[in-house]
Amino acid sequence: MASSQLVLITSLLLALAFPPITAYDNVPAKSVEKTAQVVVEGMVYCQSCDNYGSWSLSGAKSIAAAKVSVICKNYMKRTSFYKAFKTDENGYLFAPLDGFKSGTFLS
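Definitions and cut-offs
- Residues numbered from 1 in each chain as written.
- Predicted model: local features only at pLDDT ≥ 70, side-chain atom pairs only at ≥ 80, totals over all residues.
- Heavy atoms only, no water.
- Helix = DSSP H or I, 4+ residues; strand = E, 2+ residues; numbered from the N terminus.
- Buried < 20%, exposed > 50% of the residue type's maximum accessible area, 1.4 Å probe, protein only.
- Contact = heavy atoms within 4.5 Å.
- Areas by Shrake-Rupley, 256 points an atom, 1.4 Å probe, with all protein chains shown as cover.
- Core = buried A, V, L, I, M, F, W, Y, C linked by side-chain atoms within 4.5 Å.
- Pairing = 2+ DSSP bridges.
- Polar contact = N/O pair within 3.5 Å; in protein donor to acceptor, adjacent residues only side chain to side chain.

**With respect to the overall build of the protein chain**
Part 1: When its secondary structure is counted, the protein chain shows one helix and six strands.
Part 2: Along the protein chain, helices and strands appear, N-terminal first, in the series α-β-β-β-β-β-β.
Part 3: Considering the protein chain as a whole, with its 107 residues, one finds that 12% of them fall into the buried category.
Part 4: When contacts within the protein chain are restricted to residue pairs at least 6 apart in sequence, long-range pairs at least 24 apart make up 38% of them.
Part 5: Accessible surface, the protein chain: about 9600 Å² in total, of which carbon and sulfur atoms supply 61%.

**Remarks on unusual backbone geometry**
Part 1: If you check the backbone angles, Ala-65 has positive phi at about 60° while not being a glycine.
Part 2: For Ala-65, the position within the fold is in the loop between strand S3 (61–62) and strand S4 (67–73).
Part 3: Phi at Lys-77 is positive, roughly 65°, even though this residue is not glycine.
Part 4: Tracing the backbone through its elements, the reader meets Lys-77 in the loop between S4 and strand S5 (79–86).

**Topic: the nonpolar core**
Part 1: If you look at the biggest cluster of nonpolar residues, it comprises seven residues: Val-70, Cys-72, Phe-81, Phe-85, Leu-93, Ala-95 and Leu-97.
Part 2: Looking at this core, the elements that each hand over two or more residues are S4, S5 and strand S6 (92–96).

**Structural notes on the pairing of S6**
Part 1: Burial along S6 is one-sided: Leu-93 and Ala-95 are buried, and none of Tyr-92, Phe-94 and Pro-96, which face the opposite way, are.
Part 2: Sheet analysis places strand S1 (residues 39–43) next to S6, joined by five bridges and oriented antiparallel. In the strand pairing of S6, Val-39 is matched with Pro-96.

**Describing the environment of Tyr-92**
Part 1: Along the chain, the position of Tyr-92 falls in strand S6.
Part 2: Using a relative accessible area of 29% as the deciding quantity, one classes Tyr-92 as partly exposed.
Part 3: The spacing of Tyr-92 and Met-43 is 49 residues in sequence and 4.5 Å in space, taken between C-alpha atoms.
Part 4: The contacts of Tyr-92, once residues within four sequence positions are left out, are Glu-41, Gly-42, Met-43 and Thr-87.
Part 5: A distance of 2.3 Å separates polar atoms of two side chains, one belonging to Tyr-92 and the other to Glu-41.

What follows is the structure, given as structure tokens:
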């Protein structure tokens, strides 16, 4: 009787020490593609000639229908994305970069 109890306790301890391995334990986790909407937003101004060479925008006028290009380069300095946009009548630019793919991982 004691030997059968010892075998039972030993087998239970072994079962707890070494959990069963299933086929699912070896399946690599699926990589989740992370996406982000990339947008360039801002105003386009013509700086006053009185403030030439400075960062001052006093006296600056917004530029309507200005053409603005967004150029992204990869680590080898090659153009990886290019798109041109126009400002509205107030010089405001909202440029969604549809189709932009980042070469680095987003976190």
